[in-house]
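Below, each chain spelled out in residue letters.
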Amino acid sequence: MVQGGIPSPDAPRRVSAYMPEGKRSLTMDFGSADRKTLVLVFVLLIVCGLAITYLAFQTRDALKDAVRDELKSVAIAIAVQVDGDTLTGLRPGDENTTEFQAVRDTLHRVQAANTDIRYVYTMRRNGDAVEFIVDGDYGYAANAAVIGQVYPYVNNEMLKGFETASADTIFT
């Protein structure tokens, strides 16, 4: 109903679209039930979108945790194969010794067997610095580290690795 030129709140809304001459015009009535349905559908779409986003982030985090656990397991398996006393005795310039080459070959075999692992190397703390001992790529790649080369990107997760099995939280 129209009272004084203003439609009452209960009156159905009419939406018209202009059509060229000779064509019938489109008229749609939007009642309050239709508006409630549209709002409900919109809210459901938002809730579903948020749920899917949440699940995607949870899945990504779970996969990263699984990869970190696998990396820790590989590191533990390698550590069992390498003699710690040999590593402790290696000094800069020892890259051509049989001890260095034996450790390097073990690391290189592990890397070759695990195609998802890009780099395999051993390190040690030297004061506040962390330095390479044996790089599995030494002799195979031009950019391989030498004994005593300082690692420039030390973080807390790496430092934990000198006490217990550890893997970075950010990796590629």
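See the structure printed just above.
Residues numbered from 1 in each chain as written. Predicted model: local features only at pLDDT ≥ 70, side-chain atom pairs only at ≥ 80, totals over all residues. Heavy atoms only, no water.

K.L.:
Please clarify how the overall build of the chain should be interpreted in this entry.
P.N.:
In terms of helices and strands, the chain carries four helices and six strands. Along the chain direction, N to C, the helices and strands of the chain fall in the order β-β-β-β-α-α-α-β-β-α. Looking at the chain residue by residue over its 172 residues, the buried ones come to 22%. Partitioning the contacts of the chain with sequence separation of at least 6, the portion at a separation of at least 24 is 44%. Summed over all atoms, the accessible surface of the chain reaches about 12,800 Å², with 58% contributed by carbon and sulfur. (Helix = DSSP H or I, 4+ residues; strand = E, 2+ residues; numbered from the N terminus. Buried < 20%, exposed > 50% of the residue type's maximum accessible area, 1.4 Å probe, protein only. Contact = heavy atoms within 4.5 Å. Areas by Shrake-Rupley, 256 points an atom, 1.4 Å probe, with all protein chains shown as cover.)

K.L.:
Mind showing me how you'd approach the side chain of Arg104 here?
P.N.:
Residue position: Arg104 is located in helix α3 (residues 98-113). Here Arg104 falls in the buried class, since its relative accessible area comes to 11%. Contact partners of Arg104, with chain neighbours within four places excluded, come to Val134, Asp135, Gly136, Tyr138, Gly139 and Tyr140.

K.L.:
What's the story with the pattern of salt bridges in this structure? I'm lost.
P.N.:
Two side chains carrying opposite charge are able to pair once their charged atoms lie near each other. Per the stated rule, a full pass over the model turns up three salt bridges. Between Arg60 and Asp61 there is a salt bridge, with the nearest N and O atoms lying 3.1 Å from each other. The partner of Glu131 in a salt bridge is Arg124, and the shortest N-O contact between them spans 2.8 Å. Classification of Glu131 by relative accessible area gives buried; the value is 9%. (Salt bridge = Lys/Arg side-chain N within 4 Å of Asp/Glu carboxyl O.)

K.L.:
Please clarify how the side chain of Asp135 should be interpreted in this entry.
P.N.:
Residue position: Asp135 is located in strand β6 (residues 129-135). The buried charged residue Asp135 lacks any salt bridge, with Arg104 as its nearest oppositely charged partner at 9.0 Å. Here Ala145 takes part through its backbone nitrogen, which lies 2.9 Å from a polar atom of the side chain of Asp135. If we ignore the near neighbours within four places in the chain, the residues touching Asp135 are Arg104, Val120, Tyr121, Ala144 and Ala145. (Lys, Arg positive; Asp, Glu negative; His and termini not counted. Polar contact = N/O pair within 3.5 Å; in protein donor to acceptor, adjacent residues only side chain to side chain.)

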